[in-house]
There are 2 protein chains.
Amino acid sequence: MDDITFAVLGTGGIGRRALEVSQHKDALTPVAACDRHGVAIDSAGLDVDELLEATEGNIDSGPQGEDVATDGGAVAEGDGATASGGVKQHGEGEGVVASAQAHPSEDPIQEIIDHGEAIDAVLLALPNYEHDFIPRTADRFVEGGYSGVLIDVLKRSRVIGMLDERSETLEQAGITFVCGAGATPGLLTGAAALAAQSFVEITDVDIWWGVGLESGYEDNRGTVREDIAHLPEYDLETARSLSEDDIEAIVDDHDGVLEFEDMEHADDVLLERAGVCDAADVTVGGVLDVRNDEKPTTTTVRVTGRTFDGETATNTFQLGDATSMAANVNGPALGYLKAGVRRNRAGEYGVVGPAELMPGF
Amino acid sequence: MDDITFAVLGTGGIGRRALEVSQHKDALTPVAACDRHGVAIDSAGLDVDELLEATEGNIDSGPQGEDVATDGGAVAEGDGATASGGVKQHGEGEGVVASAQAHPSEDPIQEIIDHGEAIDAVLLALPNYEHDFIPRTADRFVEGGYSGVLIDVLKRSRVIGMLDERSETLEQAGITFVCGAGATPGLLTGAAALAAQSFVEITDVDIWWGVGLESGYEDNRGTVREDIAHLPEYDLETARSLSEDDIEAIVDDHDGVLEFEDMEHADDVLLERAGVCDAADVTVGGVLDVRNDEKPTTTTVRVTGRTFDGETATNTFQLGDATSMAANVNGPALGYLKAGVRRNRAGEYGVVGPAELMPGF
């Protein structure tokens, strides 16, 4: 397989780390990166060290990336170096423009689309400003004549539904859209799909995550609010109406440790898409500790099924407690990116989830 | 992706179970099966129930399949219904010919090659008569003009080496050869490749298997002998010279439980091929209990690495103790078969290991 070029939309936590981790991958060349202020494009490959160094503490994460897949699934990939809701600035330019490789742009995404011919894959590492921001960005790539891979690390079922509505358009454009390719749903549904292969029928997939977020808490208040909606006493409406003080009080009430059961999470629809099991057989929950960086529980995937010879058993996948959210998002995202490029080059277009990129039936 | 047609060479334990498990898979149609006595071909799809029922207790497993991948890796996929070293017969025909769909053949493999146009993938579920039997069978498919997927469930490094020598020829023929696609190296190296994605550098992959083989022991004496060569006091030479009584004495000496460390196993070369780690960083061992069907230890893959942010951690994959060898061979083998067909249709030819079929860099 030939080398792969990729672009990153968004140079917040996920975008920066994707650039960083890509340096460990042979045959993967970052050729473009943008935020809402500017864009850096170099078809020969960006100088990642310069870009990261120049923009350190100077990045635009926009509204907190509340819809972004994480190790646990509930908490956004916050960027510890970013102030809440805006652009930190030092030096001359705002955001990515602080890099010598970048220039300001009125429409940085369009510039990347215009260079699409030379870009195999685009990682949408964007804070999801509105629920339809990623889907509308996909529309722009279609309109701009892009054909290649688009990949996001979102986790919400509703975004996947919106992408599904665009499936035919994406197919016609020759775009392979890989959705939910971070830690979860990405890595964990991939593990579930692999573990499912011992069985001819899956009865349960149980995804249980642990996230320790002391140092990232300040940057993730938005998603902590969203998480609270998953607590038994709340729903999306009531959580939305809470004041910051209300939220602090709830966190205090729980001594900083929030436990979630039966979360609405895209893992279920993605496993159903992949033919692993019915969405209803998937349960997702976990524990968030906002007062420790250590994980309060070990992230575990349990796949229970019936073998062809009539036995019932459970295969298990566990992430080491010392693996950070970021590590579990970026490695898998780039792995799925490569798998997506392979599909795309083989002429397979449309919307695809991570579990569908695993070997299996 | 369109439907997939496949053939099975060999209707011993693995072949029979692959046919059985394929009935649980949508879009997978078995169109041919053979043993050394005959062949059944039906491009509309074999009647698997009839074939399995007619040949029950009547199958040819040839010499015991001593080179066949297993849940544990050491012990062959024996077929409990098969006498040692030959063909059980009941009814009119020998082996597969007992099925109304089959006919006797002087050269059943050639008949399948001659129908290769309509066969997307061929599962080589053959006892490995000699070390080069599978590679030589691949040669026959090349010579016969076949282009499609060949897939085996072997575990020995030396066979993979022999296939590698044929890599260019296979590429020119348009054949994608997936090697070692059973439980191990197959499923377990796949799990290792997935688990590796949290890390930018892998320091250790530790594969540890458990196999309980009371009811399968009689059919697996050949591989128990081979396993003994892995014990510290023996090597391949000395193990080969042991009498049956010697072997029984050794088994008795160990109270039926043989423990293996640092086995020579293809997992290492296959993980290196996939770029996961150096072969030297992979260790394989396990415990075989020939007096219990329960696994003496839980089959576990541990992948230790360094994350991009400098942490060291271990991700873990465990198979449920109640999953049989057969379940862990056949499901993954068919999954890899499908992944292989996808590669093949995308124009990627040559020799490929299971871990290379996983998403990842």
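Chain A goes by (S)-8-amino-7-oxononanoate synthase BioU in an unreviewed UniProt entry, where it is assigned to Natrarchaeobaculum aegyptiacum. Under the UniProt heading Subunit (unreviewed entry), the note attached to chain A is "Monomer." One UniProt comment on chain A, placed under Pathway (unreviewed entry), says "Cofactor biosynthesis; biotin biosynthesis."

Q: Could you give me a rundown of the overall build of chain A, with the residues and numbers involved?
A: Scanning chain A for helices and strands turns up 12 helices and 13 strands. Every one of the 361 residues in chain A was classed for burial, and the buried ones make up 62%. Looking at chain A alone, contacts between residues at least 24 apart form 78% of all its contacts between residues at least 6 apart. A total accessible area of about 12700 Å² is found for chain A, and carbon and sulfur atoms account for 42% of it.

Q: Let's hear about the UniProt feature "active site" (unreviewed entry) in chain A: which residues, and what values?
A: Residue and element names in this part refer to chain A. Within this structure's numbering, the places UniProt gives as "active site" (unreviewed entry) are Lys155, Glu226 and His230. These annotated residues cover 76 residues of sequence, and their C-alpha atoms lie no more than 14.3 Å from one another, placing them together at a single site. By the secondary structure assignment, Glu226 is in helix 8 (residues 221–228). By secondary structure assignment, the location of His230 is in the loop between helix 8 and helix 9 (236–240). Given a relative accessible area of 22%, His230 falls into the partly exposed group. Residue contacts for His230: discarding those within four places in its chain leaves Phe260, Glu261, Met263 and Glu264.

Q: Break down a negative patch on the surface for me, citing the residues and quoting the values.
A: Residue and element names in this part refer to chain A. Taken together, Glu214, Asp293, Glu294 and Asp321 make up a surface patch of like negative charges. Its location among the elements puts Asp293 in the loop between strand 10 (282–289) and strand 11 (300–306). Residue classification places Asp293 among the partly exposed positions, given a relative accessible area of 41%.

Q: Can you explain unusual backbone geometry? Please cite residues and give values.
A: Residue and element names in this part refer to chain A. With an omega of 10 degrees, the peptide bond between Thr184 and Pro185 qualifies as cis. Along the polypeptide, Pro185 turns up in the loop between strand 7 (176–178) and helix 7 (186–195). Positive phi outside glycine occurs at Asp262, with the angle close to 50 degrees. Position of Asp262 among the secondary structure elements: in the loop between strand 9 (257–260) and helix 11 (267–273).

Q: Explain the relation of the copies chain B and chain A to me, and be specific about the residues and the numbers.
A: You can overlay chain B on chain A at an RMSD of 0.0 Å; the transform is a turn of 180 degrees with a shift of 0.0 Å along its axis. The superposition operator between the copies reduces to a two-fold rotation axis. Same-surface contact between copies: 100% of interface residues of chain B are shared with the interface of chain A.

Q: Lay out helix 4 (residues 133–143) of chain B with the relevant residues and their values.
A: All names here are of chain B. Inspection of helix 4 places Phe133, Ile134, Pro135, Thr137, Ala138 and Phe141 among the buried residues, and these make up the whole buried set. Those residues of helix 4 that are buried lie in contact with strand 1 (4–9), helix 3 (108–114), strand 5 (121–124), strand 6 (149–152), helix 5 (157–165) and strand 7 (176–178). Of the residues one or two after helix 4, Gly145 is the one with positive phi, at around 80 degrees.

Q: Account for the UniProt feature "modified residue: Allysine" (unreviewed entry) in chain A, naming residues and giving values.
A: UniProt marks A:Lys155 with the feature "modified residue: Allysine" (unreviewed entry), using the numbering shown here. Residue position: A:Lys155 is located in the loop between strand 6 (149–152) and helix 5 (157–165).

Q: Describe the interface of chain B and chain A, and please don't skip the residues or the numbers.
A: Contact residues are listed per partner, giving 53 residues for chain B and 53 residues for chain A. Each partner contributes to the roughly 4300 Å² buried at the junction of chain B and chain A, and carbon and sulfur atoms together form 65% of this total. Of all residues in chain B, B:Leu194, B:Phe308 and B:Phe361 give up the largest surface area on contact with chain A, accounting jointly for 19% of the area buried on that side. Where chain B touches chain A, the interface holds 2 salt bridges. With a shortest N-O distance of 2.3 Å, B:Glu348 and A:Arg342 are connected by a salt bridge. Remark: the boundary between chain B and chain A carries 14 residue pairs in polar contact (both at pLDDT 80 or more). Where the side of chain B that touches chain A is concerned, the elements lending two or more residues are helix 1 (13–22), helix 7 (186–195), strand 12 (312–318) and helix 12 (325–345) of chain B.

Q: Could you give me a rundown of the packing of helix 1 (residues 13–22) of chain A against helix 2 (residues 48–55) of chain A, with the residues and numbers involved?
A: Residue and element names in this part refer to chain A. Look at helix 1 against helix 2: their axes get within 10 Å of each other, and the N-to-C directions meet at 150 degrees. With respect to each other, helix 1 and helix 2 are oriented roughly antiparallel. When you trace helix 1 past helix 2, the crossing you get is left-handed. In this structure, helix 1 contributes Arg16, Leu19 and Glu20 to the contact, and helix 2 contributes Val48, Leu51, Leu52 and Thr55. Of the residues that constitute the contact of helix 1 with helix 2, the class distribution is 4 nonpolar, 1 polar and 2 charged.

Q: I'd like to hear about the sheet that holds strand 2 (residues 28–34) of chain B, residue by residue, with values.
A: All names here are of chain B. Here we have 8 strands laid out as an open sheet, ordered 4-3-2-1-5-6-7-13, and mixed in their pairing. Sheet topology places strand 4 (102–104) and strand 13 (350–352) at the edges, where each strand pairs with a single neighbour. Going from strand to strand, the sheet's axes swing by 25 degrees on average, the running direction of each strand aside. Sheet topology note: the strand 1/strand 2 ladder contains 6 bridges and is parallel. Note on strand 2: the bridge partner recorded for Ala7 is Ala32. Its contacts with the sheet put helix 1 on strand 1, strand 2 and strand 5, and the angle it makes with strand 1 is roughly 160 degrees.

Q: Describe the environment of B:Leu270, naming the residues involved and giving the relevant values.
A: Residues and elements named next belong to chain B. Positionally, Leu270 belongs in helix 11 (residues 267–273). A relative accessible area of 0% places Leu270 in the buried class. Measuring from C-alpha to C-alpha, the distance between Leu270 and Gly353 comes to 5.7 Å, with 83 residues separating the pair along the chain.

Reading guide: rules and limits
- Residues numbered from 1 in each chain as written.
- Chains lettered and ligands numbered in written order.
- Predicted model: local features only at pLDDT ≥ 70, side-chain atom pairs only at ≥ 80, totals over all residues.
- Heavy atoms only, no water.
- UniProt positions renumbered as here; feature names shortened; annotations may be inferred.
- Helix = DSSP H or I, 4+ residues; strand = E, 2+ residues; numbered from the N terminus.
- Buried < 20%, exposed > 50% of the residue type's maximum accessible area, 1.4 Å probe, protein only.
- Contact = heavy atoms within 4.5 Å.
- Areas by Shrake-Rupley, 256 points an atom, 1.4 Å probe, with all protein chains shown as cover.
- Patch = residues over 30% accessible without salt bridge, like charges linked within 9 Å, V, L, I, M, F, W, Y side chains within 5 Å.
- Salt bridge = Lys/Arg side-chain N within 4 Å of Asp/Glu carboxyl O.
- Lys, Arg positive; Asp, Glu negative; His and termini not counted.
- Charge placed at Lys NZ, Arg CZ, Asp CG, Glu CD.
- Least-squares fit on C-alpha atoms with pLDDT ≥ 70 in both.
- Buried area = accessible area lost by both parts, 1.4 Å probe.
- Polar contact = N/O pair within 3.5 Å; in protein donor to acceptor, adjacent residues only side chain to side chain.
- Axes fitted to C-alpha atoms, helices over the stretch in contact; angles between N-to-C directions.
- Parallel < 35°, antiparallel > 145°, perpendicular 65-115°, else oblique.
- Left-handed = near helix turned anticlockwise from the far one by under 90°.
- Nonpolar A, V, L, I, M, F, W, Y, C, P; charged D, E, K, R; others polar.
- Pairing = 2+ DSSP bridges.

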